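For reference, the chains in residue letters:
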Amino acid sequence: MPAERLSVPVSASRHRLIHWWRVFAAFAVLPLTADPMSAQVPTPTARIHVTVASGASAVEAAIVRAGRFGAQTDARGMAVLIVPSGAHTVVVSKLGFRSDSLPLTLRAGADTALRFALAAQVTEVEAVVVSATRSERRVEDVPLRVEVIDEEEIAEKVAMTPGDIAMMLNETSGLRVQTTSPSLGGANLRIQGLAGRYSLLLADGLPLYGGQAGGLGLLQIPPVDLGRVEVIKGAASALHGSSALGGVVNLLSRRPGDEAEHTALLNQTSRGGTDGVVFLTSPLSAHWGYTLLAGAHRQSRRDLDADGWTDLPGYERAVLRPRFYFGDGNRSAFVTAGVTAEDRLGGTLAGRTTPAGSSFEEGLTTQRADIGALTRWVVQDSASALHGAVVTLRGSAMEQRHRHRFGVVRETDRHRTWFGEAAIAVPRGRATYVGGVAVQQDAYRAQDVAGFDYTFTVPAVFGQVDVDPAAWLSMSTSVRADAHSEYGTIVNPRLSVLLRRPQEALSGWTSRLSVGTGEFAPTPFTETTEATGLSPLLPLGTLEAERATTVSVDVGGPLSVAFGALEVNATAFASRVDHPLQVLDAVGTAPSGAARIRLVNAGQPTRTQGLELLARLARELGEGGEDEEAPVLRVTGTYTYLRSTECDPDAGGDGQACSRRTVPLTPRHAAGVVAAIEREGTSRVGVELYYTGRQSLERNPYRTGSRPYLILGVLGERAFTTRAGTARLFLNLENLTNVRQTRYDPLLLPSRGQGGRWTTDAWTELAGFTANAGVRFSF
């Protein structure tokens, strides 16, 4: 059935969007002109006078920060912070120097003088990998908004789904993990409503999962070895090339500490899933260290509605990834290698048939291997014009082989990606200049289906300037030129601006504006072909590259409230993707009997606009004892409004004039509340509640729009210390509301759909209520 069509004319929608952006832009600059704390009781403050030097020379433009309050040193290396009285940790950082910090407690009205002596070096081992913005700055000081999932949040998700990162990303505001192949459980990541193929997944800044991670990449990455995750929303092609048209997710691994640390995890679910993971980390010498991740994961097939079709695909997977690190103060490096092997099985169960009266088993065997390395050093020659500059070299290579089974059809293929980059960052006064060259090649070879092989070779040159004209203003401008072997020269710029409240206001509020472009080279891989394979697809004709422009404005900061520390943020965003690819029905049938499909560029752009709201509250509950910390209550609330429209492919979508529709599987409203009480190192109890609004559906014979749904989850964790180590027992009750698509409609179609597929799109959970329990043992 055709999906829901819009009743609002395009021109009216455009005028409404312009008015909405004017209102939000005015709101975004309020932190510069109004004091959000002016109506509250004044907070007692103290003053910190900071002097920063390196040897006998003052360090200009160093970032000095205490929590949300920051300043920048002047030409004399001096800065002043005005902060609330109480306990603080003052942190000083600048590119090319080792960061330093000092904890202290301040009395109301007191003046305190601090002096920091910074030593030149690349970074500490913990920060050896360049962040997703190529900046060495703290997240609070980066003009481009970068959202960080910290180690504490990751640890919570490890207890829920230790086998993959899908839930961790899906519960992040503005991100949605969308199932693309219900038969095999494939999924991709949509960022702020953009198609999942536009999202770039990096590991320690390297494309170890290829230019496109594919429909199973998110489901094959265990989170146990992650230290944090950085997320850039919106076009990031100026930073990372055309694969980052929609945004970037950078998975940063845990680094070796000063002492050995070993973790073993065992998890069992009520739906027949089993996970076993071992993570080892240890220093090898004063300058060397290593980590090792090994995992084995299994899921048995489940037919929850007893119709003979697999609702939860079965799989067996093994993962192995060692890493080695080096750091001696002025040089740092790491090298990693990984292998993944997996077998998945779905479709009809043994002895069962489709409505056509025949069996249709689906399967996928994956074998992937990769290697990557990065090294950095500081130019030490004081006579050189590049003295103090940071040089970075990094590279990686990946090969992935698949054996697909779609009933009687077999598709065997190979993906290869290799990547290399050289960059230099030169700090000079209040500016840092970054320049570099890169080259990446993505190649695909199909053994059983002709006409889809490609090799894209893309050399590139890029530059970036980060400058702080004043203590209240930071700017970052980046541009990248790619010489694509198929689509010619592609130039993508990006501009980001950060505005801070004047220090005297004590608010710590900031506003950010970011505008960027991106261009994406079409391939045969879309959400539809993930489910159908390439056999029904006609050979690609002349396609134009998809090009996007994205813009975002956000405002946020802390609020002083009586019941704890509250941080709020609001982000408005919009994007326009020109020449987006769409899948249309074609004349004829494939040898397998599946109806043919074809890829075309839509005649009009896909337009998306939305709003994200975020609030975080932290409060200590009572006082801790002599041997334990006080319990802390943490509450996070999120809300996302999203409106995305495109040409209707069933109503002339490949012409210059088209009827517009809401993009399928894009909920207009989504919200979540997560509350947890944690006693550090001892226990954690958490509750999660997520709401997803109505979604437009495509080619679904059972309904044209999904039902809104609410998912409730509860997690409990308790640590026990033994002579051998610490055992953490956890119990997670996921989806207590038992939301499951097959409770409302069948997943199996009454007849073969587009491209020969046998399932509808997945618009909600397929597993229903699931309990999992396990133990994580550290020794």
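Look up a bit, the structure's there.
The rules behind these values
- Residues numbered from 1 in each chain as written.
- Predicted model: local features only at pLDDT ≥ 70, side-chain atom pairs only at ≥ 80, totals over all residues.
- Heavy atoms only, no water.
- Pairing = 2+ DSSP bridges.
- Helix = DSSP H or I, 4+ residues; strand = E, 2+ residues; numbered from the N terminus.
- Axes fitted to C-alpha atoms, helices over the stretch in contact; angles between N-to-C directions.
- Salt bridge = Lys/Arg side-chain N within 4 Å of Asp/Glu carboxyl O.
- Buried < 20%, exposed > 50% of the residue type's maximum accessible area, 1.4 Å probe, protein only.
- Disulfide = S-S within 2.5 Å.
- Patch = residues over 30% accessible without salt bridge, like charges linked within 9 Å, V, L, I, M, F, W, Y side chains within 5 Å.
- Areas by Shrake-Rupley, 256 points an atom, 1.4 Å probe, with all protein chains shown as cover.
- 1 Å grid on protein atoms, 1.4 Å probe; cavity = no way out; pocket = protein on both sides within 12 Å on 5 of 7 lines; lining within 4 Å.
- Points joined across faces, edges and corners; volume = space filled by probe spheres on them.
- Nonpolar A, V, L, I, M, F, W, Y, C, P; charged D, E, K, R; others polar.

A.B. asks: How should I be thinking about the sheet that holds strand S6 (residues 86-93) in this particular structure?
C.D. replies: The strands making up a sheet associate through hydrogen bonds between their backbones, and the pairing can be parallel or antiparallel. On the basis of which strands lie adjacent, the open sheet formed by four strands has the order S4-S3-S6-S7 and antiparallel pairing. Of all strands in the sheet, those bounded by a partner on one side alone are strand S4 (69-72) and strand S7 (100-106). Across this sheet, the average inter-strand angle for adjacent strands is 20°, counted without regard to direction. As defined by bridge partners, S6 adjoins S7 across seven bridges and the pair is classed as antiparallel. Bridging from a neighbouring strand, Thr89 pairs with Pro103 of S7.

A.B. asks: Looking at this structure, how should I read the pattern of salt bridges?
C.D. replies: Two side chains of opposite charge can pair, provided their charged atoms sit close to one another. Under the defined criterion, the tally for this structure stands at 39 salt bridges. Lys157 is the salt-bridge partner of Glu171, the closest N and O atoms lying 2.3 Å from each other. Of the two residues, Glu171 is situated in the loop between helix H4 (166-170) and strand S10 (175-181) and Lys157 in helix H3 (residues 151-158); the sequence distance between them amounts to 14 residues. For the pair formed by Glu171 and Lys157, the shared burial category is buried.

A.B. asks: Explain the state of the cysteines to me, please; I cannot follow it from the model alone.
C.D. replies: In a disulfide, the sulfur atoms of two cysteines are held together by a covalent bond. Taken as a whole and assessed by the stated rule, the structure comprises one disulfide. A sulfur-sulfur distance of 2.0 Å marks the disulfide that ties Cys647 to Cys658. Disulfide Cys647-Cys658: torsion about the S-S bond near -70°, hence left-handed. Here the residue Cys647 occupies a position in strand S33 (residues 632-647), and Cys658 occupies one in the loop between S33 and strand S34 (660-662), the gap between them amounting to 11 residues. The same class applies to Cys647 and to Cys658, which are both buried.

A.B. asks: Help me understand a nonpolar patch on the surface, please; the structure alone is not making it clear to me.
C.D. replies: A cluster of nonpolar side chains, contributed by Leu284, Trp288, Phe324, Val335 and Ile371, occupies part of the molecular surface with about 470 Å² of accessible area. Position of Leu284 among the secondary structure elements: in the loop between strand S16 (273-283) and strand S17 (288-299). Given the relative accessible area of 51%, Leu284 is considered exposed.

A.B. asks: Whenever I open this one, the layout of surface pockets confuses me. Can you help?
C.D. replies: Over the atoms rolls a probe the size of a water molecule, and in doing so it shows where empty space is left. Size it by volume and the second largest pocket reaches roughly 710 Å³. Surrounding the second largest pocket, 37 residues form its lining, Arg190, Glu527, Thr528, Arg661 and Glu698 being those nearest its centre. Elements with a contribution of two residues or more to the lining of the second largest pocket: S10, helix H6 (527-532), strand S30 (581-589), strand S32 (606-620) and S33. Broken down by class, the residue content of the lining of the second largest pocket amounts to 13 nonpolar, 15 polar and nine charged.

A.B. asks: Help me understand the pairing of strand S38 (residues 726-734) in this model?
C.D. replies: If a strand is regular, its side chains alternate between the two faces of the sheet. As defined by bridge partners, strand S37 (residues 709-721) adjoins S38 across eight bridges and the pair is classed as antiparallel. The partner of Gly716 across the bridge, within S38, is Leu731. Here nine bridges tie S38 to strand S39 (residues 770-778), and the two strands are oriented antiparallel to one another. Bridge pairing links Phe730 to Gly774 in S39.

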